[in-house]
Amino acid sequence: MPSMELSTLVTLTTGVTLLTCVLAVAGVHFYAAGRAQRQALVDRLSATGQAPPPGRRRYVPGLDRRLRRTRLGRTLELRLSATGLDLTPGEFFVCMLAGVAGLWLVGHAALAPFFGPIAGVLGVWLAAQFLGWQRRKRIEKFINQLPELARILANATQAGLALRTAVGMAAEELEAPAGEELGKVAAQLAVGASMEEALGELSERLPSRELVVLVTTLVLSNRAGGQVVSALRNLTETLEERKETRREIRTQLSQVNMTSYAVPVLGIGSLLLMNGVKDGALERMTGSPAGQVAVIVAFALYAVGFVLIRRMSRIDV
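Please read these numbers as outputs of a predicted model, since none were measured by experiment.

Colleague: Could you give an account of the overall build of the protein chain, with specific residues and numbers?
Modeller: Broken down by element type, the protein chain carries 13 helices and zero strands. Counted from the first residue to the last, the protein chain has its helices and strands arranged as α-α-α-α-α-α-α-α-α-α-α-α-α. When each of the 317 residues of the protein chain is scored for burial, the buried share is 33%. By sequence separation, contacts in the protein chain at least 24 residues apart represent 68% of the contacts at least 6 residues apart. On the protein chain, roughly 19,300 Å² of surface is accessible, and the fraction owed to carbon and sulfur atoms is 64%.

Below is the structure:
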């Protein structure tokens, strides 16, 4: 009996250690990214004219090369590029595997061996949700910058500058993510890409109705030679109104979004409470096929409830 308790303690400690390492790596990465952004802003404001600092060291270049040859690696790279994270597919894959292993060991030791694979699948889902959350946050921040972007383009074109030059100027004046994305557009225009192709790729990376309207306005004005300034002035007012509307809707739905996350948390909490009241209850329950099926069905119902609540609270503006 003491040997079993010691084995459970070792497994739990190993899992917690792995999760702590993943969180520590993520914390250091975000801290370094924040310092790099701050330094880039200081350099830009001080106008020293120095070359940009070299990129950081990549830790798993061999794994990156192998992943990029696969469909999974290419899909992962596209999703990472849409989030704006300074991570390679190999680095994200290693962090995800460490998190999955940690959750597997914690579920195995804290609940029952049957919950180890379930916790591992939960780790993969959390990694995918993290990428989606980062992408949505970047899109939301970009949408909030669209009124200022339209204003800069209108002022530049009114001053007699070409639209290509106005895009490059906006890339220098705006902060991330708009500045980074417009920098990519300006680089594509510099190597001979058309305005329609460059802006089309931008709308694919950061899809939103506001950006589609802006891209359509710029493309049509550039192609037909219309009144770019007046169109951008009107679009700026419209984007400002939509920005306020989106903020009000997001505030109204904050409680519903928290409810969607509280539903699965309550389910996992009830399992921990059950196991705490009577030690080994979950292991005995999942020792039979009927108990395993019941647990899988319960987790599936919690997942369905989470998805349905998120679907009902989604309002397209």
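Colleague: Explain a nonpolar patch on the surface residue by residue, including any values.
Modeller: On the surface, L122, W125, L126, I268 and L272 cluster together into a nonpolar patch covering about 410 Å² of accessible area. Among the secondary structure elements, those contributing two or more residues to the nonpolar patch are α5 (115-158) and α11 (254-277). It is α5 that provides the largest number of residues to the nonpolar patch, a total of three residues. Here L122 is to be found in helix α5. Take L122: its relative accessible area is 33%, and that puts it in the partly exposed class.

Colleague: Outline the packing of aromatic side chains, listing residues and values.
Modeller: Inspection of the entire model under this criterion finds five aromatic pairs. Both rings, one in F130 and one in W133, keep their centres 6.2 Å apart while their planes meet at 40°; by these two values the pair is tilted. One end of the pair, F130, and the other, W133, are both in helix α5, three residues apart, so they sit about a helical turn from each other. Owing to a relative accessible area of 27%, F130 belongs among the partly exposed residues under this scheme. On the accessibility criterion, W133 (44% relative accessible area) is partly exposed. Aromatic pair Y261 and F306: ring centres 5.4 Å apart, planes at 65°, arrangement edge-to-face.

Colleague: Quick rundown of the packing of α5 against helix α7 (residues 178-190)? Include the residues and the values.
Modeller: Where α5 contacts α7, the two axes come as close as 9 Å, and the packing angle between them is 75°. What the angle tells us is that α5 and α7 run roughly perpendicular. Taking contact as the criterion, the partners of R138, F142, Q145 and L149 in α5 are, on α7, A178, E180, E181 and L182.

Colleague: How would you sum up the environment of K141? Please name residues and give values.
Modeller: Among the secondary structure elements, K141 is positioned in helix α5. For the pair formed by K141 and A178, sequence separation is 37 residues and the distance between their alpha carbons is 8.4 Å. Those residues in contact with K141, other than ones at most four positions away along the chain, are A176 and P177.

Colleague: Lay out the nonpolar core in plain terms, naming residues and giving numbers.
Modeller: In terms of nonpolar packing, the biggest core is built from 33 residues, with L149, L153, L182 and L199 touching the most fellow members. For this core, the secondary-structure elements that each account for two or more residues are α5, α6 (163-173), α7, α8 (195-205), α9 (209-224) and α10 (228-252). Dropping the residues within four chain positions of it, L182 is found in contact with L149, V167, A170, A171, L174 and L202. In terms of nonpolar packing, the next biggest core, distinct from the first, is built from eight residues, L76, L80, L85 and A127 among them.

Colleague: So what's going on with helix α4 (residues 89-110)? Which residues, and what values?
Modeller: Given 3.6 residues to a turn, an α-helix orients residues that are three or four positions apart in the same direction. Taking 1.5 Å of rise per residue, 22 residues should cover 32 Å, and α4 covers 31 Å from first to last C-alpha, within 8% of that figure. Among all positions of α4, only P89, G90, E91, F92, M96, G99, V100, G102, V106, G107 and A109 are buried.

What counts, and at which threshold
- Residues numbered from 1 in each chain as written.
- Predicted model: local features only at pLDDT ≥ 70, side-chain atom pairs only at ≥ 80, totals over all residues.
- Heavy atoms only, no water.
- Helix = DSSP H or I, 4+ residues; strand = E, 2+ residues; numbered from the N terminus.
- Buried < 20%, exposed > 50% of the residue type's maximum accessible area, 1.4 Å probe, protein only.
- Contact = heavy atoms within 4.5 Å.
- Areas by Shrake-Rupley, 256 points an atom, 1.4 Å probe, with all protein chains shown as cover.
- Patch = residues over 30% accessible without salt bridge, like charges linked within 9 Å, V, L, I, M, F, W, Y side chains within 5 Å.
- Salt bridge = Lys/Arg side-chain N within 4 Å of Asp/Glu carboxyl O.
- Phe/Tyr/Trp six-rings, centres within 6.5 Å; stacked < 30°, edge-to-face > 60°.
- Axes fitted to C-alpha atoms, helices over the stretch in contact; angles between N-to-C directions.
- Parallel < 35°, antiparallel > 145°, perpendicular 65-115°, else oblique.
- Core = buried A, V, L, I, M, F, W, Y, C linked by side-chain atoms within 4.5 Å.
- Expected span 1.5 Å × (residues − 1).

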